[in-house]
Amino acid sequence: MPTIIALDVSLSMSRPIPNQTTGTGGPGSSGSENVLTYHQLAIQGVNYILDYLSKHARLEFVSLIIYSSLYEVLVDFTRDYDTIRQALHKIEHYDKTSLENVLVAVNNAFKTHWGSQNYCQIIFITDCGVGMGPSSLKNTIINIQTYKAACVAAAAAATAAAAAADGSSKVATIGSTGSGAVVPQPSENQWVGFSYPSKLSFMCLGSLATDSAFRCGTKLYQQLLDVSGQKGQLFIPRMKMKHESSESAGDEASPNVGDDGEDGLRQLTRASSLEAFETMCDTNYRQFEATLRCGGYFRLEDPITVWPAPLPYTARDLLGAETTKLMSRRLEVCGFLRMADIGSPMSVSRHLVLPRSITTSSSGGGSSEQTEGGKGPSTNGGLKNGHGHSSAEERLEADIKAFYAKSDAGEHHAHDDHHGLDGADVNKESVCVLLHGALKVENMAALVLLGDSWYGFIYSYADGKKKWNLMLNVLPPGNDVVPWLGDLRYLGTLEDAFPGENPSFPIKADKRSYSQTIVVWIRQASLQSDIQKVLRHAKKLPEKTQHFYKELNRIRRAALSLGFVELLEGLANIFEREISTLPLSASPDCSMQLTHAAMELRKTNNRDLKSIIHALPTQYNQLG
């Protein structure tokens, strides 16, 4: 779940914060070295975000972009947060704010690195400047409204055309109506929303009580979110009032009272801005804490953290009704399958499964258990491994497990809850470690129940040559989402098979009706290697004429099957470029065959899957 931080570096960000307290006196006193500006608050906010991610989401990729009327990618996506901290000291201020340009830049930058399927967190840190002229925020909102209205009109025209086609026989009327039903496309520099799942957060630095320009700007920023339909939120620092400051310690609020009275308390301060950043981090980067349960009656369970946090899954039926499902906080291991039997099913998302430690603090005569987030005291049923036992059966099960887990000295399990907590996590057994080692050695995966009729697979995954992790592959909701496995509710063990029955699956036919040499272009490197293979054969013509056209037809069929027609034009351009770079020692047949292949790829009649591009007969290959 990558993160993009966009920092406003317009001239308005270099303003000092009004009515602030300096080190030499009260509000308005001299001492420019102690004057706090909006830019300095923004830098402190960026450092707070990086510190929060270093503690709670160390695997997060972060990119830093600065913008005014133009933009600059200061730091590309990286996990080295120190690089971003160093780049913050080299920022300079520029002219006015232009939000639409950087929104288009963010959209293109993320699609270039991560595609259109990944989820992105986008954080804008600004003083809510709206800009001036054609690039102002108000004009951006008007352009989005115009585009949305054009899309609605096009949809209405398409509906009218379909109704006219069903109920009328006038061909001319149908043609004229259908011609106006073309969906408009936004211009290259127009932003109408992000083309990938994302959340847009605006960190607004200012005071709603005393700054009228900031108040107007926040309304336009909120209107931008509403008009574009973009998921997001505005985070505005909460200002303290008089009754709140009198109850507080007074270290920060009391100097601000001075001559301004109540207005001095409602100004932007370092504490209020950092509080807004803390609220944003807790909202957007909240960890998904769950419990992994494995085994039969005597269950093994372990508190875990699923990273990144799984998003709600929204499914739409044939009638257009939407249903949203949330992943359960209890992940039940149903069984184990071989990795070869699972194959590569369609998945919704992938997540890391990390063990989570439980911290316990005691006060007075009793004790209370809390997770890392520090949420929730224990109930009457008690907390065990991060969740409460709500039913009598679970409390009985916990007692039985505690009885078997007693030490040889016969100490009661309640004694262990109050003593030796500091070193408990060091010697405590971990279900994640046990499961990871077993799955890695046996080359198997665990089928996990994520919710009502919702399954996933947990398997051992290597991020590098030495780093192995537990990976959760989330399947679409449903019981029959993996066709070659059938209904996941009816999977059984080897002991359930009848005598003489072959329990292995998937069922393999003796003779396959399709070729085994299939083309897979999931990654960019696979497509590049196939094109390079064709070019290697082309440079060895005429000896490799048959191999050249065999690979060319294979790529052509795969491109047509996937609807990747642009690849054919790209191949033709590559062949024409290779002709000009051929060495003098190359055979004349190379340029002739490459020219012939480029011409055949551009022909419309060769867009049929059944057609085959044949070699050009020449005196060099002796095909004639």
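Residues numbered from 1 in each chain as written. Predicted model: local features only at pLDDT ≥ 70, side-chain atom pairs only at ≥ 80, totals over all residues. Heavy atoms only, no water.

Looking at an unreviewed UniProt entry, one finds the protein named Integrator complex subunit 14 and attributed to Anopheles quadriannulatus. Recorded in UniProt for the protein, the comment headed Sequence similarities (unreviewed entry) runs: "Belongs to the Integrator subunit 14 family." The annotation that UniProt attaches to the protein under Subcellular location (unreviewed entry) is "Nucleus". (UniProt positions renumbered as here; feature names shortened; annotations may be inferred.)

**Remarks on the pairing of strand β5 (residues 198–204)**
Across the seven residues that make up β5, a large majority, seven, are buried. Here β5 shows a buried face lined by Ser 198, Leu 200, Phe 202 and Cys 204 and a second buried face lined by Lys 199, Ser 201 and Met 203. Bridge count between strand β4 (residues 120–126) and β5: seven bridges; the pairing is parallel. For Cys 120, the partnering residue across the bridge sits in β5 and is Ser 198. The pairing of β5 with strand β6 (residues 232–235) spans four bridges and is classified as parallel. Across the sheet, the residue bridging to Leu 200 is Gly 232, located in β6. Taken together, β5, helix α6 (residues 212–228) and β6 constitute a β-α-β crossover, and its handedness is right-handed. (Buried < 20%, exposed > 50% of the residue type's maximum accessible area, 1.4 Å probe, protein only. Helix = DSSP H or I, 4+ residues; strand = E, 2+ residues; numbered from the N terminus. Pairing = 2+ DSSP bridges. Right-handed = clockwise from strand over helix to strand, strands pointing away.)

**Focus: empty space enclosed by the protein**
Summed over the entire model, instances satisfying the criterion amount to two cavities of 30 Å³ or more. Considered class by class, the residues forming the lining of the largest cavity number eight nonpolar, three polar and one charged. No fewer than three residues from each of domain 1 (2–17 + 35–156 + 187–240 + 269–285) and domain 2 (287–315 + 323–358 + 430–509) sit in the lining of the largest cavity. (1 Å grid on protein atoms, 1.4 Å probe; cavity = no way out; pocket = protein on both sides within 12 Å on 5 of 7 lines; lining within 4 Å. Points joined across faces, edges and corners; volume = space filled by probe spheres on them. Nonpolar A, V, L, I, M, F, W, Y, C, P; charged D, E, K, R; others polar. Domains from an automatic or database assignment.)

**As for unusual backbone geometry**
Here the residue pair Trp 307 and Pro 308 is connected by a cis peptide bond, since its omega of -10° sits within 30 degrees of zero. With respect to the helices and strands, Pro 308 occurs in the loop between β8 (300–307) and β9 (313–316). The step from Leu 541 to Pro 542 runs through a cis peptide bond, and the omega angle for that step is 5°. Considering the arrangement of structural elements, one finds Pro 542 in the loop between α16 (524–538) and α17 (545–562). In this model, Asn 443 sits at a positive phi of 55°, which is unusual for a non-glycine residue.

**Structural notes on the pattern of salt bridges**
What the rule picks out here adds up to 16 salt bridges. The residue Glu 578 makes a salt bridge to Lys 539 at a minimum N-O spacing of 4.0 Å. Remark: Lys 539 occurs in the loop between α16 and α17 and Glu 578 occurs in helix α18 (residues 566–580); sequence separation between them is 39 residues. With relative accessibility at 17%, the residue Glu 578 sits in the buried group. Relative accessible area serves as the criterion here: at 52%, Lys 539 is assigned to the exposed category. In this structure, the salt-bridge partner of Arg 602 is Glu 569, at a minimum N-O distance of 3.2 Å. Remark: Glu 569 occurs in helix α18 and Arg 602 occurs in helix α19 (residues 588–602); sequence separation between them is 33 residues. Judged by relative accessible area, which is 31%, Arg 602 ranks as partly exposed. When salt bridges that share partners are traced, they join Asp 530, Lys 533, Glu 551 and Arg 554 into one network. (Salt bridge = Lys/Arg side-chain N within 4 Å of Asp/Glu carboxyl O.)

**Let's talk about the packing of aromatic side chains**
Within this structure, the stated rule accounts for 13 aromatic pairs. Aromatic pair Phe 124 and Phe 202: ring centres 5.4 Å apart, planes at 40°, arrangement tilted. Taken together, the residues Phe 124 in strand β4 and Phe 202 in strand β5 connect sequence positions 78 residues apart. Exposure remark for Phe 124: the relative accessible area of 0% places this residue in the buried category. In this structure Phe 202 comes out as buried when scored by relative accessible area, which is 0%. Ring pairs connect the aromatic residues Phe 61, Phe 77, Phe 110, Trp 114, Trp 191, Phe 194 and Tyr 196, which therefore count as one cluster. Above the face of the Tyr 461 ring, Arg 350 is positioned so that its terminal group lies 5.7 Å from the ring centre. (Phe/Tyr/Trp six-rings, centres within 6.5 Å; stacked < 30°, edge-to-face > 60°. Lys NZ or Arg CZ within 6 Å of the ring centre and 35° of its normal.)

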